[in-house]
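Residue-level listing of the chains:
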Amino acid sequence: MRILVVGGGGREHAIVRALGRSAHAPELLCAPGNAGIGADAECLPEVAAGDVEAIVAAATEHAVDLVAVGPEAALVAGVVDALEKAGVPAFGPSAAAAELEGSKAFAKELMKEAGVPTASHVLLRSREEAAEQLACASYPAVLKADGLAAGKGVIVCPSEAEAREAVDVFFTEQRFGADMAVVLEEFLEGEELSLLALCDGENLVPLAPAQDYKRIFDGDRGPNTGGMGSYSPVPGFGPVEVEEIVDAVHRPVVATMARRGRPFHGVLYAGLMIGPHGPKVLEFNARFGDPETQAVLPRLRSDLVDLCLAAREPGGLAGAAAEFGDDWAVTLVLASAGYPESSSKGDVIGGLREAAELAEVTHAGTGRRDGEVVTAGGRVLNVTGLGPTPAEARDRAYDAAGRISFDGMQIRSDIAARAVQRVPS
C-alpha cells in the first residue's frame, strides 16, 4: 500500500509516523516534506502543499492508494475533490465541507442552525462598520479574520483603543488579504480544550482530548501563534465528558452539514472554551490540529490507516472506536527567532540525535544545507515526551528539548504545568 501525506510541518511528520505504525506497512511519501520527514518517508520537495494540480499529478504518477491531507489551505482549495475526481482516494473534507474552517462567518451561521453553543458575534465588512461596532462593544473582545490566517488571525483586545489598533491590522494593513471580513466576538473565559473526531459524513469517532497553548510567552502572554505546545490526555475529561461534548458539538454540526448537502469526511477539530455554563466553540478546523496531533497520535493504539479508509466511506465508521494508551504525552514547540511576526531561517540546529534518545522529535520548519539541518520556518521542531504521568512526560520533553540548540530558539517553560498540578505523581 502506498500513501501520500500532503504537507511539510510537525503535524504531517506525526501523521507520517502514525501511518508508518500501521499493520498495512505502507510505503510512505510526503509532499513537500522536510528535513526530518525524509527519514520516515520519501519526500517530494517540488510539490507545494497548496498546489492542487501538482498534488493530483504526483498522486497519479506514484499510483498512491490513499492521500492524507494535512494543511487547511489545500482542503479549502478543493484538493480532495480534485483527487477523487482523478480516481485517487483521499482522506479529508471536500471544499464545501472545509468551509467550516475556511470562513468564520460560515461556521457561526452553521452553529446557530445546529444549536451549538458559541460566543456571540457580529460580522464586520469594512473599517467604517468596525468603528461603529467597537464603540458599543464589551471589553475584552476578540477580533478574528474571517478566512484562513495560519493560526495568527485572532487578536484579543482588552480595550476599545486596542481593538481600533487591531482593526487597522485587518483592514488597513490588509495582512490577511484585501477582501478580508472580520468577526467581532465575545471574549470567553475558562479552560481551553481541543477535541478532534474522525467523521464519515454520518458517524463520529472521537480522539483523545488535548490542550493547546496559543500565546508565544509563558503565562499565556504575547501574540497568538499557530501553537507553542500541547498535552494529552486532559485531567477531568474522560470518556464520559468527551461523549457529552461530542453530543453537544460535533454530532449536531455533522448532521447539519449533511442536511445542507455538505457531508463532512475527515477530521473535525473543535477548539473549545470550557466555562461555568459548559463548553462553547471557539473555532472549528477541518483537519488534524497542530500541535495537538503531535501529542495525540503517539498515544493512538488503533490502526490509523484503517480509520482513515473507513472515514472516506459513508457510514464506514459505524461501530468503530479509537483506542489510546494510558500514557501521557507532552509536546513542546521550539520556534525560531522573531516568531510569530517573522522567522529566522538558515540557523544550524544541534543536538537532534541526543534529543531523539529521550523523546519523540518531529520536524516542523527544517531544511538541509551543506549536510546540516537548519531552521526553515517559524515553528522549527516539536519535542514530545511520553510517560506514565504528566510529570514524567513533561520532564522527558524538557530534558530532550534542552539537548537541542539553534540561534534565537524560543520555547515556553510552562507547557503542561497545569496537568502536573492536577494529577499527583
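Residues numbered from 1 in each chain as written. Predicted model: local features only at pLDDT ≥ 70, side-chain atom pairs only at ≥ 80, totals over all residues. Heavy atoms only, no water.

Caption draft 1: How the structure looks around the nonpolar core. Within the largest apolar cluster, 78 residues are counted, with the highest numbers of intra-cluster contacts made by V67 and L100. Beyond its immediate stretch of four places on either side in the chain, L100 contacts F106, A107, L110, V253, M257, F264, L268 and F284. In terms of nonpolar packing, the next biggest core, distinct from the first, is built from 32 residues, A68, L198, A210 and A311 among them. (Core = buried A, V, L, I, M, F, W, Y, C linked by side-chain atoms within 4.5 Å. Buried < 20%, exposed > 50% of the residue type's maximum accessible area, 1.4 Å probe, protein only. Contact = heavy atoms within 4.5 Å.)

Caption draft 2: Seen up close, the sheet that holds strand β22 (residues 379-387). Pairing is antiparallel in the open sheet, where five strands are placed in the order β12-β15-β18-β22-β19. Strand pairing shows two members of the sheet lacking a second neighbour, β12 (211-212) and β19 (360-363), which therefore form its edges. Sheet topology places β19 next to β22; four bridges connect them, and they run antiparallel. Across the sheet, H363 pairs through a bridge with L381, a residue of β22. Sitting on the sheet, helix α1 (residues 10-20) is in contact with β19 and β22, with an inclination near 125° to β19. (Pairing = 2+ DSSP bridges. Helix = DSSP H or I, 4+ residues; strand = E, 2+ residues; numbered from the N terminus. Axes fitted to C-alpha atoms, helices over the stretch in contact; angles between N-to-C directions.)

Caption draft 3: Region of the structure containing the packing of helix α6 (residues 104-114) against helix α9 (residues 239-259). The contact between α6 and α9 brings their axes to 9 Å, and the two run at 100°. As the angle between them shows, α6 and α9 are arranged roughly perpendicular. Listed contacts from α9 to F106, L110, E113 and A114 of α6 are P252, V253, T256, M257 and R259. (Parallel < 35°, antiparallel > 145°, perpendicular 65-115°, else oblique.)

Caption draft 4: Highlighting the packing of helix α7 (residues 127-135) against helix α8 (residues 160-172). α8 packs onto α7 with a crossing angle of 165° between their chain directions and a minimal axis gap of 10 Å. Here α7 is positioned roughly antiparallel relative to α8, judged by the angle of their axes. As α7 runs across α8, the sense of the crossing is right-handed. Every residue of α8 that contacts α7 at R127, A130, A131, L134 and A135 is listed here: E160, A163, R164, V167, D168, F171 and T172. Class assignment for the residues of the contact of α7 with α8 results in seven nonpolar, one polar and four charged. (Left-handed = near helix turned anticlockwise from the far one by under 90°. Nonpolar A, V, L, I, M, F, W, Y, C, P; charged D, E, K, R; others polar.)

Caption draft 5: Examining the packing of aromatic side chains more closely. Scanning all chains against the criterion turns up two aromatic pairs. When the centroid spacing of 6.4 Å and the interplanar angle of 50° are considered together, the rings of Y213 and Y231 count as tilted. You can see Y213 sitting in the loop between β12 and β13 (215-217) and its partner Y231 sitting in strand β15 (residues 229-232), a full 18 residues away along the chain. Here Y213 matches Y231 in class, with each residue buried. (Phe/Tyr/Trp six-rings, centres within 6.5 Å; stacked < 30°, edge-to-face > 60°.)

Caption draft 6: The sheet that holds strand β3 (residues 42-43), seen in detail. Strand order in the open sheet formed by five strands is β3-β2-β1-β4-β5, with parallel pairing between adjacent strands. Where the open sheet ends on each side, the last strands, each with one partner, are β3 and β5 (90-91). In the sheet, strand β1 (residues 2-7) pairs with strand β2 (residues 27-32) via six bridges, with the strands oriented parallel. When the sheet's bridge partners are listed, V5 is paired in β2 with C30.

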